[in-house]
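# Structural overview
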Amino acid sequence: MRPIVATISRSALQHNLAVAKQHAPHSKIMAVVKANGYGHGLLNVARCLNAADGFAVLGVNEAVILREAGYQQTILLLEGVFRAEELAKAAELGLDVVVHSKMQIEILLNASLTKPLHVHLKMNSGMNRLGFTPDAYAAAYQALNLSKNVAGITLMTHFATADKEPGIAAPLQVFEKTIKELPANLPVSLANSATILRHSYLRADWVRPGIMLYGASTVSGMPATAFGLKPVMQLSSEIIAVQTIAAGESIGYGNRFTATQATRIGIVACGYADGYPRHAGLLGDQHPHGAPIAVSGKVTRTLGRVSMDMLFCDITDIPEADIGSPVELWGRQVPVDAVAEAADTVGYELLCAVAARVPIKMTD
Ligand SMILES: *Cc1c(COP(=O)(O)O)cnc(C)c1O
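Because the structure is a prediction, the values reported are computed rather than measured.

Further remarks concern the packing of helix H6 (residues 102–110) against helix H7 (residues 134–145). Contact pair H6 / H7: the axes reach a minimum separation of 10 Å and the direction vectors enclose 15 degrees. Here H6 lies roughly parallel to H7, going by the angle between them. The two elements H6 and H7 meet at a crossing, and its hand is left-handed. In this structure, H6 contributes Ile105, Leu108 and Leu109 to the contact, and H7 contributes Ala140, Ala143 and Leu144. Classifying every residue of the contact of H6 with H7 by side-chain character gives 6 nonpolar, no polar and no charged.

Below, the structure is given as structure tokens:
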């Protein structure tokens, strides 16, 4: 067995769920567990988040896994169904479905279902991705409201700039103005993690935290720990070889790092086939010194180009490091967001990209 492992902390997940509740004390929590629980394992995270009021996924297949494991909470298909045939299965499983398009209305109205479905009707309040524009929203509501296939309707939108300026004021105003034309007191579903953290106590029946549950940052330049969140995943491995090179010698494919002095190099059993970003630390002048990485509990930097199964790091100043020394690729010492920044991406992408070949281990 290679020494690489993703260790998932149950208590960190539960702690982060509690942080979401603190920020949205009057809302139900729809824990977003799409993308295999943001790379942590769907059932691993569902088990720790059983106190959530609902789970949000993308595919009927994920909902089947949750129902078969006994979860009776609300389960929401975040993009609704993709084909008419999925509606029968959604009804059988008692799923909630997003409705964001005319096509979805049409197939829902024409379906013959064993049970009506609860619909989350999505408004496009300015993100211009999914949903009905404000001027088409009331008509979409009326069409659904008349249907025997619809058990109830939650009003939903999603914000594009909750994590930075200009914030959510304008789209929220669009949303609120539009729903004033509809019956009062319909349930509302509003907030992703950035919205929950930056706009606590928003009036919403449902909030939809994702990334914050996994202890990573939603906000560019704002570490997750600043919000009291705990990292859930530690991606760890070991040093499997050590090289000492002289000034002028290079390492790895393309010789992307050349030593300017005698340098001790640790070879780590982790590469891009494990989900580590290949270009981490190689973004021109921006990150000439690699991405952060911890060896034997000390933070150092990666060097050179990441290979498929291995990467290099500088252990010149960690003389105790040797074959078998523990390495944290990301976790408590090295925030996933710091590695993401060195690869010009976000923690979301790195977590979701952890490869299937990396074993997952649960810990308290
Ligand atoms: C993924 C998703 C979320 C969760 O977003 P985070 O930024 O991870 O909190 C919430 N709502 C919708 C509609 C989503 O697709």
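In this section: the sheet that holds strand E9 (residues 206–207). In space, the 8 strands of this closed barrel follow the order E2-E3-E4-E5-E6-E7-E8-E9, with parallel pairing throughout. Relative to strand E5 (residues 96–99), strand E4 (residues 74–77) is paired through 2 bridges, and the arrangement is parallel. Bridging across to E5, Leu76 finds its partner in Asp96. Docked against the sheet, helix H4 (residues 60–68) engages strand E3 (54–57) and E4, running at close to 170 degrees with respect to E4. The strands touched by H7 are E5, strand E6 (117–123) and strand E7 (150–157); relative to E6, the strand with the most contacts, the crossing angle is about 170 degrees.

Listed as buried for helix H5 (residues 86–93) are Leu87, Ala90, Ala91 and Leu93. Considering only its buried residues, H5 is in contact with H4, E5, H6 and E6. Two residues or fewer past H5, Gly94 is found with a positive phi of approximately 70 degrees.

Cut-offs and rules
Residues numbered from 1 in each chain as written. Predicted model: local features only at pLDDT ≥ 70, side-chain atom pairs only at ≥ 80, totals over all residues. Heavy atoms only, no water. Axes fitted to C-alpha atoms, helices over the stretch in contact; angles between N-to-C directions. Helix = DSSP H or I, 4+ residues; strand = E, 2+ residues; numbered from the N terminus. Parallel < 35°, antiparallel > 145°, perpendicular 65-115°, else oblique. Left-handed = near helix turned anticlockwise from the far one by under 90°. Contact = heavy atoms within 4.5 Å. Nonpolar A, V, L, I, M, F, W, Y, C, P; charged D, E, K, R; others polar. Pairing = 2+ DSSP bridges. Buried < 20%, exposed > 50% of the residue type's maximum accessible area, 1.4 Å probe, protein only.

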